[in-house]
Amino acid sequence: MTGLKDKFERIIDYLRISITDRCSLRCIYCMPPEGLSLFEHKEILTYEEIIKIVRIASELGVRKVRITGGEPLVRKDVTLLTASIKKNQGIEDLSITTNGVLLERYAEELARSGVDRVNVSLDSLRPERYREITRGGDINVVLRGIEVARKAGLTPVKINMIPIRGLNDDEIKDFAGITLNSDYHVRFIEFMPFGTGGFWNSGKYIPCDEIKSIVETIGPLTPVRVRKNGPSKYFRLKNAQGVIGFISAITHHFCEDCNRLRLTSDGKLKPCLFSETEIDLKPALRGGASDDEIVRLLKLAIEVKPERHNINEKSDLNFLQSMSRIGG
Ligand code: SAM
Ligand code: SF4
C-alpha cells in the first residue's frame, strides 16, 4: 500500500520521530543556556512503543522514517531501535538528524543497523564560533564524525546550516565551497521563529533568496534533480562534486508537497511542524488499545493535517517552544 492521502490529495508516507528531548549541546538559537525542562523517563515512548507505531504506520503506507530529537544519539541503544525499524519490510528509507557529536563513535554501527543516511547540523566552520553557537561544542569531533559517516556509507551526508544575520552569515560562501571538492550535500535552512529564550528576532532571519544570491557570488548555480529531495531545491556550482540545497520553510513554504507526520518523544502526533494540534498516542498505547485504535488515531492526524501553515518571520511561535521538543 502506498501512503494514505490527506484531504488535499497529498500522500503521507513519511514519519519523523523524535526519540528524546535531551541534548548534548545547547545551541543558542534552540535552547536557553540551562537547557529546557525535560520529560521524565516514563513520559518518553519506549522503543517497543515506537516500533509498534512504525509497524502500524508502515501498514498504512509509510515508507520513510527519520529519527531525530533532541539529540537522538544520546539515547541508549539507539541502534537496537534503528535495526528493528529497518527490519520492518515496509520502511525503505531510514535516516537520522544529529548534531554529529557522537557520530564518530556510532556511524559504523548505525550503518550496520540499517540506517541509510545522516543529516548533520553544523552552523559554523570556525572552532571558536562553533563553540560559542553550541555553547561548548568541539567542531573537530563533529568533523571527524562526518568523515566516518561518509566512509561508513551513510550517504549522501547532508550538512545543514542555519544562516543567522550577524552570527554566521559571513560563512555562507565557505559552506557552499565545501561542495567544490567533496560530495556532501550542503543545505541552507531558513531560521524559524521558535521561542527559545528570546534569541529570535526578525532581524536575524535571512530569506533563502538572499542566501542563494550570496552563494551565487562564488559562481552560477545550475539546478539539479536529486532523488527523494523532499522540500529542498538543489543546485550545483560549476564542476562541484557536491550539491547545495535551500530549505525555505517560511518564504517559499513547501506545504503543497508535504508528505509527513511527526511523532514527539512523549508520543504526540503532530500533523504539521507549526500546528498546535496534537494527537496523543500514549494513552492508547499504554491502555492496551488494539492496532485498529492506533490506525484510527494515525488516520485522524492525517485527516486534520492543515493545507498550509501561515507563519512568517513576524509570527510569534512561543507556544511551540523549541525545535528540540518537537523534533526538527
Ligand atoms: N540535535 C539534532 C540536530 O541538531 O541535528 C536533531 C534535533 S534539532 C532540533 C533538528 C534541526 O532543527 C537542527 O538542524 C537545528 O539546526 C534545527 N533548528 C533548531 N531550531 C531552529 C530554528 N529556530 N529554525 C530553524 N531550524 C532550527
Ligand atoms: Fe541540541 Fe540540535 Fe537543538 Fe543544537 S539544534 S541544541 S544540537 S537539539
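Structure's up top.
To start, this report covers the structure provided alongside it.

What counts as what
- Residues numbered from 1 in each chain as written.
- Chains lettered and ligands numbered in written order.
- Predicted model: local features only at pLDDT ≥ 70, side-chain atom pairs only at ≥ 80, totals over all residues.
- Heavy atoms only, no water.
- Phe/Tyr/Trp six-rings, centres within 6.5 Å; stacked < 30°, edge-to-face > 60°.
- Lys NZ or Arg CZ within 6 Å of the ring centre and 35° of its normal.
- Near = heavy atom within 4 Å.
- Polar contact = N/O pair within 3.5 Å; in protein donor to acceptor, adjacent residues only side chain to side chain.
- Areas by Shrake-Rupley, 256 points an atom, 1.4 Å probe, with all protein chains shown as cover.
- Nonpolar A, V, L, I, M, F, W, Y, C, P; charged D, E, K, R; others polar.
- Axes fitted to C-alpha atoms, helices over the stretch in contact; angles between N-to-C directions.
- Helix = DSSP H or I, 4+ residues; strand = E, 2+ residues; numbered from the N terminus.
- Parallel < 35°, antiparallel > 145°, perpendicular 65-115°, else oblique.
- Left-handed = near helix turned anticlockwise from the far one by under 90°.
- Contact = heavy atoms within 4.5 Å.

1. A few points about the packing of aromatic side chains
For the coordinates displayed, the defined rule picks out six aromatic pairs. By way of ring pairs, the aromatic residues Y29, F191, F199, W200 and Y205 are connected into one cluster. Geometry around Y14 places K64 over its ring, the cationic atom sitting 4.7 Å from the centre. Above the ring of F199, the side-chain terminus of K204 is found at 3.8 Å from the ring centroid.

2. What to know about the site of ligand 1
The environment of ligand 1 is formed by 17 residues, the closest being Y29, G70, S121, I162 and M192. The separation between a nitrogen atom of ligand 1 and a polar side-chain atom of E71 is 3.2 Å. Backbone polar atom of M192 to a nitrogen atom of ligand 1: 2.9 Å apart, as the coordinates give it. When isolated, ligand 1 has an accessible area of 550 Å², and the protein chains bury 94% of it.

3. Some details on the site of ligand 2
Taken together, C23, L25, C27, Y29, C30, G70, N99 and S324 form the complete shell of residues around ligand 2. Within the shell around ligand 2, the residues separate by chemical class into five nonpolar, three polar and no charged.

4. What to know about the packing of helix α6 (residues 172-181) against helix α7 (residues 208-215)
It is at 9 Å that the axes of α6 and α7 come closest, and there the two elements cross at 65°. Judged by the inter-axis angle, α6 sits roughly perpendicular to α7. For α6 against α7, the interelement crossing comes out right-handed. Residues I172, K173 and A176 of α6 form the contact with α7, whose participating residues are I211, I214 and V215. Split into classes, the residues belonging to the contact of α6 with α7 amount to five nonpolar, no polar and one charged.

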